[in-house]
Amino acid sequence: MTAIKHALQRDIFTPNDERLLSIVNVCKAGKKKKNCFLCATVTTERPVQVKVVKVKKSDKGDFYKRQIAWALRDLAVVDAKDAIKENPEFDLHFEKIYKWVASSTAEKNAFISCIWKLNQRYLRKKIDFVNVSSQLLEESVPSGENQSVTGGDEEVVDEYQELNAREEQDIEIMMEGCEYAISNAEAFAEKLSRELQVLDGANIQSIMASEKQVNILMKLLDEALKEVDQIELKLSSYEEMLQSVKEQMDQISESNHLIHLSNTNNVKLLSEIEFLVNHMDLAKGHIKALQEGDLASSRGIEACTNAADALLQCMNVALRPGHDMLLAVKQQQQRFSDLRELFARRLASHLNNVFVQQGHDQSSTLAQHSVELTLPNHHPFHRDLLRYAKLMEWLKSTDYGKYEGLTKNYMDYLSRLYEREIKDFFEVAKIKMTGTTKESKKFATLPRKESAVKQETESLHGSSGKLTGSTSSLNKLSVQSSGNRRSQSSSLLDMGNMSASDLDVADRTKFDKIFEQVLSELEPLCLAEQDFISKFFKLQQHQSIPGTMVWLIVYFACYNFIYLVCFLNRKDMIRQMMIKIFRCIEPELNNLIALGDKIDSFNSLYMLVKMSHHVWTAQNVDPASFLSTTLGNVLVTVKRNFDKCISNQIRQMEEVKISKKSKVGILPFVAEFEEFAGLAESIFKNAERRGDLDKAYTKLIRGVFVNVEKVANESQKTPRDVVMMENFHHIFATLSRLKISCLEAEKKDAKQKYTDHLQSYVIYSLGQPLEKLNHFFDGVEARVAQGIREEEVSYQLAFNKQELRKVIKEYPGKEVKKGLDNLYKKVDKHLCEEENLLQVVWHSMQDEFIRQYKHFEGLIARCYPGSGVTMEFTIQDILDYCSSIAQSH
């Protein structure tokens, strides 16, 4: 170990100006033994730095390398594991705990002792040495290899002490007087002994000579003791005198303490009295205002409000412990309670009277609104009542029972008032929609049986019109004579019977304006009332309401959670009040919507757009408000009527019947789809519910396509291709004009169907105008198909040149023109005038005839070359014939 220590000092620590003091051979506990050395070192330069260095043998050679170093000041605990038994294990607690196993217990003890001494000398730091034997923790430096640790750079002091200059001089004199001291040490020692005895005797004599002085000193000490005794006696007398003074001072101090305590108690008592007087004293003016204050005038309301606030502050004052036991306090609190009860009764009674008076005042103004489509303005009433808002807040916090009673009375009175106003308002709206008198309108809105409805309708409009129930301009479509290609549809209203021709754009625009005005009048009315309720009844604050707050406790057994769900919050309270006050709005709106739907089912389009816009506006303001909820419910009804209108139109398409004696022309439901689409596009422009219209378009166009084909298949007078061609041409023109994006595919489909059936009709109607010539050339083509060369066909007996000339002579230009003229007349009978497709069809037939002519000429040129055989007429003749026939008709 010594050799290793010298090697480490030489190779590792000397180059770093460090000195190795102690070393221990260790390995980590619990792992494979990888030996290393822990070294305790100090620097040779000041200030001295003490370190614990881990040194490990290199894997590539026999030299050692420095692996890690810890400053001794970072060491917190040294744990030797066992202070009694020998145990090579120990722990060093730096930033973390390092567990080591020494090669021997002696090395471990020596290393721990060195650490302890270095700590004592250089650091003076409290390092905890745990489970370490007390024998190791000594400040003295043991002999051995660690001897140099206590001195650092100071070596251990020997027994030898250096002589000072005087001692050296005395020894030199003595040695000069005894020259033989060096040669004869015994003689020199005897001489020194004799001289020492002489000196001892002289000292004893000197002591004996000083006995007199000692006696004198003893006398002086005795006198001093006497003086001390006298002083002590005087001090005792003084102490007795001071004791009486002390007792008097204690009595004075105790008296002062009692006076101070009395003053303190008086101050505290005064403070409590002032607190009670300042916080529980209500001014006489406030008391008078609460008892007799005028609740009708603004000044009186202000005085009562201030008095009520002052009373509430007095009642809500936070009393200190013990105040509630004072009789005066109890009496004052009782007085406050009586005042509160009295004023609460007065306030509730006055406000009830105000509510009743409001109903009477508003009723008197209903007559002037009965002929106008406007609702009475409640702003003056709200403005007057809002003066009591602070008092209502006071009543809510002090007497919730009376507050609830006022709330209920307000809802009762106002609901009856609003019901009268709103019903009269809707009566005016219905009158303006139907144009009837108010009396007949009232009679018409009464519940009646079906027979009564029929009787009333006949009495109003005569019995000439046929009643068909609630219909629209698309209802009961039927195909009539060629002069009447669009059916008459009738509508049963509560007040009359209008034909579809009377329900023009002006009538629908009028209905739209009336419906919009109805919604525009209702919306500010509801919003104003809701705002007033929120402010007047103080529902804008989030407060718990005793007695009415409903809590739902839902138990989830699997998680053992309890969720408390609040059903009624501020918005719910406002909405519940609004529902009770305006309970008639939704039924009246539904009745108005039903009336509009009976007048004209197309009105559902206007109502859907207007209602959707108002619902969207209301939801942006407050999605949970009464107005938003009510309009949303009504919107569902409007949407249901709109869907019903679409379904009725599709059903009526399916039920359409065509006349067997007249040509079909443009089917009524095709024309009505055009009318519907044009109207819908003008109504739904920039509307929020465009998606509903697109879905309706899809259903309608699908029904139109299916039923056009159905009618075409059933048609007997008009060819199927004509029905398909004309109607799909009309549909294509309508979709092209309106540019409906969701029907682009249907527009292409309609165009394709129109083109296909036009071509089919042309081919079918034109047929083979040169029948014999067609048969002849069919035979020629058959021979060619059998393998006969085209130039050899003329050698066939049945198809020689002479036979060809015979056939051609049968079709001179005059006969051809006559045949074309008959064809034109036939086409004219098939086609309707409304769609104006005659010239288009005639031009297509002309092109088809010319195509056949060119085909025949081609066969003659290929099969009869050089024969000189030609047709009796030319292409120019065909063009002239067709033009002349078209002009003549």
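Right, let's walk through the structure included here. A quick note: this is a predicted structure, and the numbers were derived from the prediction, not measured.

Let us now look at the overall build of the chain. For the chain, the helix and strand inventory stands at 28 helices and 12 strands. Considering the chain as a whole, with its 889 residues, one finds that 40% of them fall into the buried category. Restricting to contacts in the chain with at least 6 residues of sequence separation, those with at least 24 account for 69%. Of the roughly 51,300 Å² of accessible surface on the chain, a fraction of 52% belongs to carbon and sulfur atoms.

Further remarks concern a nonpolar patch on the surface. On the surface, Val-214, Ile-216, Leu-217, Met-218, Leu-220 and Leu-221 cluster together into a nonpolar patch covering about 560 Å² of accessible area. Looking at the secondary structure, you find Ile-216 in helix H5 (residues 211-280). Relative accessible area serves as the criterion here: at 53%, Ile-216 is assigned to the exposed category.

With that out of the way, let us pick up the packing of aromatic side chains. Counting across every chain of the model gives 27 aromatic pairs. Ring geometry for Phe-90 versus Phe-111: centroids 6.4 Å apart, planes at 45°, classification tilted. With a gap of 21 residues between them, Phe-90 in strand S6 (residues 89-93) and Phe-111 in helix H2 (residues 105-123) connect regions that are remote in the sequence. Phe-90 sits in the buried class, given a relative accessible area of 1%. Judged by relative accessible area, which is 1%, Phe-111 ranks as buried. Chaining the aromatic ring pairs together yields one cluster made of Phe-355, Tyr-400, Tyr-403, Tyr-410, Phe-532, Phe-536 and Phe-537. Between Arg-320 and the ring centre of Phe-275, over which it is positioned, the NZ or CZ distance is 4.2 Å.

Looking now at the pairing of strand S2 (residues 36-43). Of all 8 residues that make up S2, 8 are buried, and the element is covered over most of its length. Residues Cys-36, Leu-38, Ala-40 and Val-42 of S2 are buried on one face, and the alternating residues Phe-37, Cys-39, Thr-41 and Thr-43, pointing to the opposite face, are buried as well. Of the pairings in the sheet, the one linking S2 to strand S3 (residues 50-57) comprises 6 bridges and is antiparallel in character. Among the inter-strand pairings, Val-42 is bridged to a residue of S3, identified as Val-50. From the end of S2 to the start of S3, which pair antiparallel, there are 6 residues.

The next subject is helix H24 (residues 771-785). Counted at 1.5 Å a residue, the expected span for H24 with its 15 residues is 21 Å, and the 21 Å between its end C-alpha atoms agrees. In the core, the buried residues of H24 are packed alongside helix H25 (801-809) and helix H27 (838-863). Phi turns positive one or two residues past the end of H24, at Gly-787, with a value near 115°.

Before going further, it helps to examine the packing of helix H20 (residues 668-683) against helix H22 (residues 720-738). For any two helices packed against each other, the geometry comes down to the angle between their axes and how far apart the axes lie. At a minimum axis distance of 10 Å, the contact between H20 and H22 shows a crossing angle of 5°. For the element pair H20 / H22, the angle class is roughly parallel. Of the residues in H22, those touching H20 at Val-670, Ala-671, Phe-673, Glu-674, Ala-677 and Gly-678 are Asn-727, His-730, Ile-731, Thr-734, Leu-735, Arg-737 and Leu-738. Residues that form the contact of H20 with H22 fall into these classes: 7 nonpolar, 4 polar and 2 charged.

Packing of helix H21 (residues 690-714) against H22 leaves a shortest axis separation of 8 Å and a crossing angle of 160°. Relative to H22, H21 is oriented roughly antiparallel. The hand of the H21/H22 crossing is right-handed. Of H22, the residues touching H21 (which contributes Ile-701, Val-704, Phe-705, Val-708, Glu-709, Ala-712 and Asn-713) are Arg-720, Val-723, Met-724, Asn-727, Phe-728 and Ile-731.

Right, let's get into a negative patch on the surface. A cluster of acidic residues, Glu-167, Glu-168, Asp-170, Glu-172 and Glu-176, forms a negative patch on the protein surface. Residue position: Glu-176 is located in helix H3 (residues 165-177). On the basis of relative accessible area, Glu-176 is assigned to the exposed category, the value being 59%.

Here the focus is the nonpolar core. One finds Tyr-410 and Val-841 to be the most contacted residues of the largest nonpolar core, which totals 176 residues. Residue contributions to this core peak at 14 residues, all from helix H12 (residues 400-434). With near-sequence residues (within four places) excluded, Val-841 lies in contact with Met-725, Leu-758, Tyr-761, Val-762, Val-827 and Leu-831. The next biggest cluster of nonpolar side chains, apart from the first, holds 30 residues, and it includes Phe-111, Ile-112, Trp-116 and Ile-127.

Inspection of the secondary structure puts Leu-527 in helix H15 (residues 505-536). Sequence spacing of Leu-527 and Val-621 is 94 residues, and the spatial spacing of their C-alpha atoms is 9.9 Å.

This brings us to the sheet that holds strand S7 (residues 97-102). Hydrogen bonds between backbone atoms are what pair the strands of a sheet, whose relative direction is either parallel or antiparallel. What the 8 strands build is an open sheet, ordered S4-S3-S2-S1-S7-S6-S5-S8; its pairing is mixed. Each end of this open sheet is capped by a strand with a single partner; those strands are strand S4 (64-71) and strand S8 (128-130). Neighbour-to-neighbour, the strand axes of the sheet open up by a mean angle of 30°, direction not taken into account. Helix-sheet contacts for helix H1 (residues 2-13) involve strand S1 (18-28), S2, S3 and S4, and the interaxial angle to S1 is about 115°. Packed on one face of the sheet, H2 meets S1, S2, S3, strand S5 (77-79), S6, S7 and S8 and runs near 140° to S1.

Rules behind the numbers
- Residues numbered from 1 in each chain as written.
- Predicted model: local features only at pLDDT ≥ 70, side-chain atom pairs only at ≥ 80, totals over all residues.
- Heavy atoms only, no water.
- Helix = DSSP H or I, 4+ residues; strand = E, 2+ residues; numbered from the N terminus.
- Buried < 20%, exposed > 50% of the residue type's maximum accessible area, 1.4 Å probe, protein only.
- Contact = heavy atoms within 4.5 Å.
- Areas by Shrake-Rupley, 256 points an atom, 1.4 Å probe, with all protein chains shown as cover.
- Patch = residues over 30% accessible without salt bridge, like charges linked within 9 Å, V, L, I, M, F, W, Y side chains within 5 Å.
- Salt bridge = Lys/Arg side-chain N within 4 Å of Asp/Glu carboxyl O.
- Phe/Tyr/Trp six-rings, centres within 6.5 Å; stacked < 30°, edge-to-face > 60°.
- Lys NZ or Arg CZ within 6 Å of the ring centre and 35° of its normal.
- Pairing = 2+ DSSP bridges.
- Expected span 1.5 Å × (residues − 1).
- Axes fitted to C-alpha atoms, helices over the stretch in contact; angles between N-to-C directions.
- Parallel < 35°, antiparallel > 145°, perpendicular 65-115°, else oblique.
- Nonpolar A, V, L, I, M, F, W, Y, C, P; charged D, E, K, R; others polar.
- Left-handed = near helix turned anticlockwise from the far one by under 90°.
- Lys, Arg positive; Asp, Glu negative; His and termini not counted.
- Charge placed at Lys NZ, Arg CZ, Asp CG, Glu CD.
- Core = buried A, V, L, I, M, F, W, Y, C linked by side-chain atoms within 4.5 Å.

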